[in-house]
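As a plain string of letters, each chain reads:
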Amino acid sequence: MTTPAKSEGAAAVKDGVAPGETLLKVTGLQKHFPIKKGLLQRQVGAVRAVDGIDFEVRSGETLGVVGESGCGKSTMGRLITRLLEPTAGSIEFEGRDITHLGVGGMRPMRRDVQMIFQDPYSSLNPRHTIGTIIGAPFRLQGVEPEGGVKKEVQRLLSVVGLNPEHYNRYPHEFSGGQRQRIGIARALALKPKLVVADEPVSALDVSIQAQVVNLMDDLQEELGLTYVIIAHDLSVVRHVSDRIAVMYLGKIVELADRDSLYRAPMHPYTKALMSAVPIPDPRRRSAKSERILLKGDVPSPISPPSGCRFHTRCWKATEICRTTEPKLVELKPGQQVACHHPENFADQAPQDTVLLTAAKEAAELVSDEILAESAETSAAVAAEVAEHDAEATPKEPAEQAPAADSGNPETDAEK
Amino acid sequence: MTELSKSGAAVGEPTSTSPAPTSFLEVRDLKVHFPTDDGLVKSVDGLSFKLEKGKTLGIVGESGSGKSVTSLGIMGLHTAGQYGKRKAQISGEIWLDGTELLSADPDEVRKLRGREMSMIFQDPLSALHPYYTIGQQIVEAYRIHHDVDKKTAKRRAVEMLDRVGIPQPDKRVDNYPHEFSGGMRQRAMIAMSLVNNPELLIADEPTTALDVTVQAQILDLIRDLQKEFGSAVIIITHDLGVVAELADDILVMYGGRCVERGPAEKVFYEPRHPYTWGLLGSMPRLDREQQERLIPVKGSPPSLINIPSGCAFNPRCPYADIPKDNVTRTVRPELTEVGSQHWAACHLTPEQRERIWTEEIAPKL
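Residues numbered from 1 in each chain as written. Chains lettered and ligands numbered in written order. Predicted model: local features only at pLDDT ≥ 70, side-chain atom pairs only at ≥ 80, totals over all residues.

Description of unusual backbone geometry
All names here are of chain B. Phi is positive for Q168, which is not a glycine, with a value near 50°. Residue position: Q168 is located in the loop between α6 (150-163) and α7 (169-172). A count of 11 C-beta atoms within 10 Å places Q168 in the exposed class. Here Q341, not a glycine, exhibits a phi torsion of approximately 60°, which is positive. Here Q341 lies in the loop between β11 (336-339) and β12 (342-344). Among the residues examined, Q341 registers 10 C-beta atoms within 10 Å and is labelled exposed. (Helix = DSSP H or I, 4+ residues; strand = E, 2+ residues; numbered from the N terminus. Buried ≥ 20, exposed ≤ 12 C-beta atoms within 10 Å, placed from the backbone.)

In structure tokens:
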């Protein structure tokens, strides 16, 4: 299986998964990096970079992944492209389990899953011409494109907005934005189905950032690509994504449609993260009270907090948050949240009302208006849900979270 | 609080012919050029601005627009740290509280640096010395300018760490930089730069290396400290969100020159330079409804060795052909007043710019 059949060619069967169906499915994915010490290099602990995450990527969509540095988003990207070996869990691509495929086993898959890297300076070999760089996927895969490699590379160059005559130039002759275009051309060479982009625009200047974002947008439309875009910039993620996963300390805390997430974030962390983004509008400066300041820093992923990992910095944390880890459940159609006391929704653990000491300290940093507003919306939703439940005949009362399926007549997650 | 004896009084009459300005900080026609094998890099090419005490100036621009070189120029760090044969060529005038810094004696400037003016750098890990504790570094900064014993200085360091929000400052003062997280290092840097109550604080991309939640904390801190100390602040960034948060005035740089300068509200709501329009259009915004598409600036920033003739922005400007006689490619536009305290350097007439902004650009943002 080390050398794939040459006959399949570049234009390999392009379908397989219809748009909207699950292309990639990740279950219980974990990656722990061991920490070794001493003469015998005994393992004394582990950095739990990714610690049990589940999600799906549907064909044709863009899934955005946001989080602060150290939350495990880049590790997640490297796991699903199988650049790293997962510690536990499974990854299915087009229904096939690829969790533990070896290098040879992965090679045919590499045509379908490609990656765009963050740093356009270190991800291109300085001693190769861009013709060689973009042509490398063809050579590695033993693919002979129609009309030859050179012609195809030149076509790719014009697709990403570079001059095809620059085929023989070296990376140092290009600017940052142009290099990122080269990286994109290389990723697209084999007509992949899934492109994982790790911070594709964060190293670029604002005006260039917009060019690359628009380019990725156009390419998705033309080629029917599926993207997983990992970024820390929430405005960029909102602009490009259909659905967004918010990560905190190796876990997904909220996974929702873009509009639901930005309009009514449910996890307190999501809310804090979004309120922290500086708004380019000097008139909004007086509205400083809208901002939620988080106390301190992200805890170490070597020994993450018990229960809900956000409880050490959350202004709503109660005893249950410290003891029980909340599960990622779908509270509203298309909005999954892992929280006992979500924002903009009915409390999931209403019996637990005593705040932790840490939460009281954290709440001091949050303005009263925000606290009042959040209590109000939660109460309103709770009332609505109760009403709805009274009307409808209760179905499957056992497993279902109290409000998982109600509140909205449309149960279909997709619109 | 410590009393500051102003060293400005010790300096004699300025040698320059132009009169001393009334503003706290005034930069006049600053040029910083670097000779290289490939040619002369004109990083800053004729920049002028003023800044009053208690005010914040935001300098915005892309990489290579000369923002950082300007700040290092004001601090006098281009000549001070030279180790190669080639020196930066600096001309112009920098007036700080009645003292002209470029013609002043280097020893005189050294006395001001750290005391009257100090700087927060982008990357706190490389700006802090890994071999000394945080406390030692703050103590050093304090004792250079104040004749006090180590104990007093250390008490002052703990006080400053506490002020910038570091928990358990009496213990953390003996930590090394690697024991601090990114946000705490930046706080420690701020503590160090404020330990002498400087009147001018230059923050060069102070939050670029930080996460948004930490960035919010640091911006808040800078704002509070400015209120408390009443210093003048220059904040240098590429993030329009950050300047909108902090700055009273905004200066937009492109290719080593100022293309637009004015009060923050004016620059955001009535920008009068096509490059500023481009920056605003390139930015996805959280506070607006979803934009269909971003409106990028085409092309890439100019090489500082080969700055385009005429208006430096002309190869990327969609309106470069509107003014007659190819003037955008031959004549360099000067800053002209387009409103009260609001200047822009563009060949388009004010009416044309007004029309393009209100009809074409603003509706799409």
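With respect to the sheet that holds strand β2 (residues 42-58) of chain A
Strand order across the open sheet formed by 4 strands is β2-β1-β4-β5 (chain A), with antiparallel pairing between neighbours. Since the sheet does not close on itself, it has two edges, and those belong to β2 and β5 (96-97) of chain A, each with one partner. (Pairing = 2+ DSSP bridges.)

Focus on the interface of chain B and chain A
Counting from both sides, the interface comprises 36 residues of chain B and, opposite them, 36 residues of chain A. Among the secondary structure elements, those contributing two or more residues to the side of chain B that touches chain A are α9 (212-229), α10 (240-246), α11 (264-269) and α12 (274-282) of chain B. Sort the elements by how many residues they give to the side of chain B that touches chain A and α9 of chain B lands first, with 7 residues. Of the residues belonging to the side of chain B that touches chain A, the class tally is 16 nonpolar, 11 polar and 9 charged. (Contact = placed C-beta atoms within 7 Å. Nonpolar A, V, L, I, M, F, W, Y, C, P; charged D, E, K, R; others polar.)

Things to note about the nonpolar core
Judged by nonpolar contacts, the single largest core of 195 residues is most densely connected at V228 and V246 of chain A together with I138, A188, A191, V243 and V252 of chain B. Apart from the residues lying within four places of it in its own chain, the contact partners of I138 of chain B are A157, M160, A191, M192 and V195 of chain B. (Core = buried A, V, L, I, M, F, W, Y, C linked by C-beta atoms within 7 Å.)

Thoughts on the environment of D224 of chain B
All names here are of chain B. Tracing the sequence through the fold places D224 in helix α9. For D224, a count of 13 C-beta atoms within 10 Å translates into the label partly exposed. Between the C-alpha atom of D224 and that of V164, which follows or precedes it by 60 residues, the distance is 9.7 Å.

Some points on the sheet that holds strand β1 (residues 25-36) of chain B
Within a sheet, each strand pairs with its neighbour through backbone hydrogen bonds, oriented either parallel or antiparallel. With antiparallel pairing, the 4 strands of this open sheet are ordered in space as β2-β1-β4-β5 (chain B). Only two strands of the sheet have a single partner each, and these edge strands are β2 (39-51) and β5 (99-100) of chain B.

Section: the packing of α6 of chain B against helix α8 (residues 182-194) of chain B
Residue and element names in this part refer to chain B. It is at 9 Å that the axes of α6 and α8 come closest, and there the two elements cross at 130°. Viewed along their axes, α6 and α8 adopt a mutual orientation that is oblique. Here α6 and α8 pass one another in a crossing that is right-handed. Judged by residue contacts, M160, L161 and R163 of α6 engage A188, A191 and L194 from α8. The residue makeup of the contact of α6 with α8, split by class, is 5 nonpolar, no polar and 1 charged. (Axes fitted to C-alpha atoms, helices over the stretch in contact; angles between N-to-C directions. Parallel < 35°, antiparallel > 145°, perpendicular 65-115°, else oblique. Left-handed = near helix turned anticlockwise from the far one by under 90°.)

Focus on the domain arrangement of chain A
Each assigned domain of chain A is listed here: domain 1 (19-34 + 46-112 + 192-248), domain 2 (124-184) and domain 3 (272-277 + 289-391). The C-alpha centroid of domain 3 of chain A is placed 48 Å from the C-alpha centroid of domain 2 of chain A. (Domains from an automatic or database assignment.)

Digging into the pairing of strand β6 (residues 117-120) of chain B
Residue and element names in this part refer to chain B. Of the two faces of β6, the one lined by M117 and M119 and the one lined by S118 and I120 are each fully buried. Where β6 meets strand β7 (residues 200-204), 4 bridges bridge the pair, whose relative direction is parallel. Each bridged residue has a counterpart across the sheet, and for S118 the counterpart in β7 is L201.

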